[in-house]
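Topology and contacts: notes
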Amino acid sequence: MTGAGSGIGREVALIYAAEGAKVVVSDMNVPGAQEAVSQIIQNGGKAILVKANAANAEDHK
Ligand SMILES: NC(=O)c1ccc[n+]([C@@H]2O[C@H](COP(=O)([O-])OP(=O)(O)OC[C@H]3O[C@@H](n4cnc5c(N)ncnc54)[C@H](O)[C@@H]3O)[C@@H](O)[C@H]2O)c1
């Protein structure tokens, strides 16, 4: 989920995890993304953090 570090992206990531998805929390804001991963794990879900700038193709290789 791109932009999962805050706002709409985080809320969608939390919903995906609650539905049983293993969520890749992706954001260029690492503290926000880490908080999202922690929230998902505390809720019993599964998530990992991938730091990436969606505007930078190199980050997606
Ligand atoms: N159409 C509408 O009614 C409506 C309503 C609310 C928000 N929006 C839009 O939806 C978007 C999200 O809103 P929000 O409130 O969740 O914003 P937000 O700022 O809370 O969340 C955006 C997240 O995306 C991340 N991000 C931004 N650019 C990135 C990039 N290049 N690579 C990786 N991560 C990146 C930020 O670090 C942040 O964590 C915004 O563009 C906002 O303007 C539209």
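This text goes with the structure placed above it.
Residues numbered from 1 in each chain as written. Predicted model: local features only at pLDDT ≥ 70, side-chain atom pairs only at ≥ 80, totals over all residues.

**Observations concerning the site of the ligand**
- Neighbouring the ligand are 14 residues, the closest being Gly3, Gly5, Gly7, Ile8 and Asn29.
- Of the residues that constitute the shell around the ligand, the class distribution is 4 nonpolar, 9 polar and 1 charged. (Near = placed C-beta within 6 Å. Nonpolar A, V, L, I, M, F, W, Y, C, P; charged D, E, K, R; others polar.)

**A look at the environment of Ile48**
- Its location among the elements puts Ile48 in strand β2 (residues 46-51).
- Residue Ile48 is classed as exposed on the basis of its C-beta count, with 12 C-beta atoms lying within 10 Å.
- Sequence spacing of Ile48 and Val23 is 25 residues, and the spatial spacing of their C-alpha atoms is 6.6 Å.
- Once you skip the residues sitting within four places of it in the chain, Ile48 turns out to touch Val24, Val25 and Val37. (Helix = DSSP H or I, 4+ residues; strand = E, 2+ residues; numbered from the N terminus. Buried ≥ 20, exposed ≤ 12 C-beta atoms within 10 Å, placed from the backbone. Contact = placed C-beta atoms within 7 Å.)

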